[in-house]
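Observations on chain architecture
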Amino acid sequence: MTVIDIPGSKSVTARALFLAAAAEGTTTLLRPLVSDDTEGFAEGLTALGYAVRREPDAWHIEGRPAGPGADTAEVYCRDGATTARFLPTLAAAGHGTYRFDASAQMRRRPLAPLTEALRTLGVDLRHGEKEGHHPLAVHAHGVKGGALTLDAGQSSQYLTALLMLGPLTAEGLDITVTDLVSEPYVEITLAMMRSFGAEIRQEGRTYRVAPTGYRARTYGIEPDASTASYFFAAAALEPGRSVTVPGLGTGALQGDLGFVEVLRRMGADVEITDTATTVRSTGTLRGLTVNMRDISDTMPTLAAIAPFADGPVRIEDVANTRVKECDRLDACAENLRRLGITVRTGPDWIEIHPGTPTGPAEIATHGDHRIVMSFAVTGLRAPGITFDDPGCVKKTFPDFHRVFDMFVRTP
């Protein structure tokens, strides 16, 4: 059995950085993810006037409940969607003028539901070029609060940003959601907010957030469940293989751990304890139809091993994967076809038929870390796979290639 230590969760690290910056006192984050996205978030906080001190396994953030320490700031969000959506929302609670921009990839990704909601709350927010996209400027004067309606059908991050803003408003927030994707990520948000002292009540599709502020604390970051999916998939794929990921057990916050239940349905042996999750190959992968709306970041992982199932694999309700770092649904289809696999797609689904991938082939990554890490798993059975941009894994797992190679070489 191979034991793999997975880096900290990107989703948890980003939320923890927001909450720490907003809290009264100094927060210590233990084992935060160190990657392009999280370093970009931390640098954004520094630009806004928050004190961030980074040690190898602990980051210390001095909270500022009244908002950014800087009156003006220019923040570059890199490729980070959490950075690009959370930091303007955090800045809105302060007082000053804050300008945000991002990479070309991030500029293409939508912001409109979030920025329209902030405007509903009275935030003076202006897009610099294309409406609903970066760059943008926030002319902040605090947020009174109130009630709003939000469509979070494209991204749960819109709802998360507004929920985390709630305790910083003068009167609290009532957010009614008309549509919501990736709901387990919102559950992460709610659990973490409460651990920092927030009070939230959920009444159907309405979230009522009290204006409590936040309290600093020491907070441990659990391993990234989305990143773990590549190792779980590899273990399920290779006969005689098994992998254990410590730190992801029955109490894990992240919904993407639910990917192992998909592997269980396909025939893998899965064991989840209080402290770890283990996946073992049984030598069989069955075809299936699965709704992945709530765990859509692991859709490419499943697509990458789907050709090796004994029947078609159909993944449904994943329209939101078309507005990630790239159109992941089309990217998976494109690359599987390059490998000679029969694939059908629709607006929110992909169906992959059994086949033997043929190489060599260069995978078109579209600069998307998850395309690289997913098709690295395909490469276990398809020699000759290369990537046009292998380094884009720096977004969430800079050391992925070395760690995955070590995993492959370990009996």
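Predicted model, so just to flag it, every value in this text is computed and none were measured. (Residues numbered from 1 in each chain as written. Predicted model: local features only at pLDDT ≥ 70, side-chain atom pairs only at ≥ 80, totals over all residues. Heavy atoms only, no water.)

**Digging into the overall build of the protein chain**
Keep this limit in mind: Going along the chain from the N terminus, every DSSP run of H or I of four or more residues is numbered as a helix, and every run of E of two or more is numbered as a strand. Radius of gyration means the value over C-alpha atoms here, while the globule rule gives 2.2 Å times the residue count to the 0.38 power. Burial here depends on accessible area, computed with a 1.4 Å probe over protein chains only, as a share of the maximum for the residue type. Under 20% is buried, over 50% is exposed, and the range in between is partly exposed. Here, residues are in contact when the closest pair of their heavy atoms is within 4.5 Å. Using the Shrake-Rupley algorithm and a 1.4 Å probe, accessible areas are obtained, with residue cover drawn only from the displayed protein chains.
The secondary structure content of the protein chain amounts to 13 helices and 24 strands. In summary, the protein chain has a C-alpha radius of gyration of 21 Å against a globular reference of 22 Å for 411 residues, a match within 12%. Oriented by its inertia axes, the alpha-carbon framework of the protein chain measures out at about 60 × 40 × 40 Å. For the protein chain, the proportion of its 411 residues judged to be buried stands at 61%. Counting contacts in the protein chain only where the partners sit at least 6 residues apart, residues at least 24 apart contribute 72% of the total. For the protein chain, the exposed area adds up to about 14600 Å²; of that, 47% sits on carbon and sulfur atoms.

**Regarding the packing of aromatic side chains**
Threshold: When two rings of Phe, Tyr or Trp (its six-membered ring) have centres within 6.5 Å they constitute a pair, described as stacked for plane angles under 30 degrees, edge-to-face for angles over 60, and tilted for the intermediate range. Working rule: Lys NZ or Arg CZ, within 6 Å of ring centre, within 35 degrees of ring normal, means a charge sits over the ring.
Using the criterion set out here, one finds 10 aromatic pairs in the structure. Measuring from centroid to centroid gives 6.2 Å for tyrosine 230 and phenylalanine 400, while their planes differ by 75 degrees, and the two rings are edge-to-face. Taken together, the residues tyrosine 230 in helix α8 (residues 225–237) and phenylalanine 400 in helix α13 (residues 400–409) connect sequence positions 170 residues apart. For phenylalanine 400, a relative accessible area of 0% corresponds to the buried category. Each member of the aromatic cluster is reached from another via a ring pair, and the members are Tyr230, Phe231, Phe397, Phe400, Phe404 and Phe407. Its guanidinium or amino end placed over the ring of tryptophan 59, arginine 54 lies 5.4 Å from that ring's centre, counting from NZ or CZ.

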